[in-house]
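Observations on the model geometry
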Amino acid sequence: MIHTSSLIPLLHLGKLFNLPSDITQSIYFHIIHDSAQLIIDKWYSFINIHNTNLCYIANRIPILQGHTFFGDTITYYDLHDKKFNITLSICAKYIKPSISDKDWWRNFTQNGFNGLTFVNNNMDTTVQHNLFILTNIFGCFQ
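Residues numbered from 1 in each chain as written. Predicted model: local features only at pLDDT ≥ 70, side-chain atom pairs only at ≥ 80, totals over all residues. Heavy atoms only, no water.

**With respect to the overall build of the protein**
Of regular secondary structure, the protein possesses five helices and two strands. Traced from its N-terminal end to its C-terminal end, the protein shows the element sequence α-α-β-β-α-α-α. Rg of the C-alpha trace for the protein: 25 Å, well past the compact-globule value of 14 Å for 142 residues, more than 25% over. Each principal axis of the C-alpha distribution contributes one length, and for the protein these read about 85 × 25 × 25 Å. Expressed as a percentage of the 142 residues in the protein, the buried residues total 30%. A sequence separation of at least 24 residues applies to 71% of the contacts in the protein between residues at least 6 apart. For the protein, the computed accessible surface area is about 9700 Å², with 61% contributed by carbon and sulfur atoms. Side chains of the protein carry 9 positive and 9 negative charges; the gap between the two charge centres is 8 Å. (Helix = DSSP H or I, 4+ residues; strand = E, 2+ residues; numbered from the N terminus. Rg over C-alpha atoms; globule rule 2.2 N^0.38 Å. Buried < 20%, exposed > 50% of the residue type's maximum accessible area, 1.4 Å probe, protein only. Contact = heavy atoms within 4.5 Å. Areas by Shrake-Rupley, 256 points an atom, 1.4 Å probe, with all protein chains shown as cover. Lys, Arg positive; Asp, Glu negative; His and termini not counted. Charge placed at Lys NZ, Arg CZ, Asp CG, Glu CD.)

**A short note on the confidence of the model for the protein**
Put simply, the protein has an average pLDDT of 85, and 95% of its residues get 70 or more. Highest mean pLDDT in the protein belongs to helix 5 (residues 125–140) (94); lowest belongs to helix 1 (residues 2–16) (71). (pLDDT = per-residue confidence, 0-100.)

**Points about the environment of Gln128**
With respect to the element layout, Gln128 can be found in helix 5. Of the residues examined, Gln128 reaches a relative accessible area of 37% and is grouped as partly exposed. With 17 residues separating them along the chain, Gln128 and Asn111 place their C-alpha atoms 16 Å apart. The contact partners of Gln128, leaving out residues within four places of it in the chain, are Asn122 and Met123. Within the structure, the side chain of Gln128 is placed 2.2 Å from the backbone oxygen of Asn122, a separation counted as a polar contact. (Polar contact = N/O pair within 3.5 Å; in protein donor to acceptor, adjacent residues only side chain to side chain.)

**As for the nonpolar core**
Counting residues in each nonpolar core, the largest one holds 19 residues, and the members touching the most others are Leu79, Phe84, Leu88, Trp105, Phe108 and Ile137. Elements with a contribution of two residues or more to this core: helix 2 (21–59), helix 3 (82–94), helix 4 (102–114) and helix 5. Counting residues per element, this core draws most heavily on helix 5, at five residues. For Trp105, the residues in contact, after removing those within four places along its chain, are Asn51, Leu54, Cys55, Cys91, Ile95, Ser100, Ile137 and Phe141. (Core = buried A, V, L, I, M, F, W, Y, C linked by side-chain atoms within 4.5 Å.)

**Topic: a nonpolar patch on the surface**
Side chains of Leu13, Leu16, Phe17, Leu19, Ile23 and Ile27 sit close together on the surface and give an oily, nonpolar patch of about 560 Å² of accessible area. Of all the elements in the fold, those that place two or more residues in the nonpolar patch are helix 1 and helix 2. (Patch = residues over 30% accessible without salt bridge, like charges linked within 9 Å, V, L, I, M, F, W, Y side chains within 5 Å. Salt bridge = Lys/Arg side-chain N within 4 Å of Asp/Glu carboxyl O.)

**Some remarks on the packing of helix 3 against helix 5**
The geometry of helix 3 relative to helix 5 is characterised by a closest axis approach of 10 Å and an angle of 30 degrees between their N-to-C directions. Taken together, the axes of helix 3 and helix 5 lie roughly parallel to each other. Classified by chirality, the crossing of helix 5 by helix 3 is left-handed. Residue-level contacts link Lys82, Phe84, Asn85, Leu88, Ser89, Cys91 and Ala92 of helix 3 to Thr126, His129, Asn130, Ile133, Leu134 and Ile137 of helix 5. (Axes fitted to C-alpha atoms, helices over the stretch in contact; angles between N-to-C directions. Parallel < 35°, antiparallel > 145°, perpendicular 65-115°, else oblique. Left-handed = near helix turned anticlockwise from the far one by under 90°.)

This is how it looks when you write it as structure tokens:
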């Protein structure tokens, strides 16, 4: 570990130059602080890339409303939309279920699957690709 590998050379230098123990301790705590801050920064970056940014771009997809055959109002995403396809591809690539809110992503995929109600051509390649990615995202949280 970085703390142990830094401590031994620091103790040797402190002994070699007759540094007081409080100065040696201050230097060691500075090394630990910098290491901890680096770990925190990397973790924050990881969370930002794999969760916060994904939610941000997913929330930019226009949510549509329509009525089912029974007259119920539902929210859905347009499965024919190429921008929706691009967003889904990005989300599927970077999503990490261990740090993501399962209910939020289930709701997101449910809105995507609701779009099937308004699809006229099930054989459209964009629709098929969107359904495949939605299924993969939904499967991550099972």
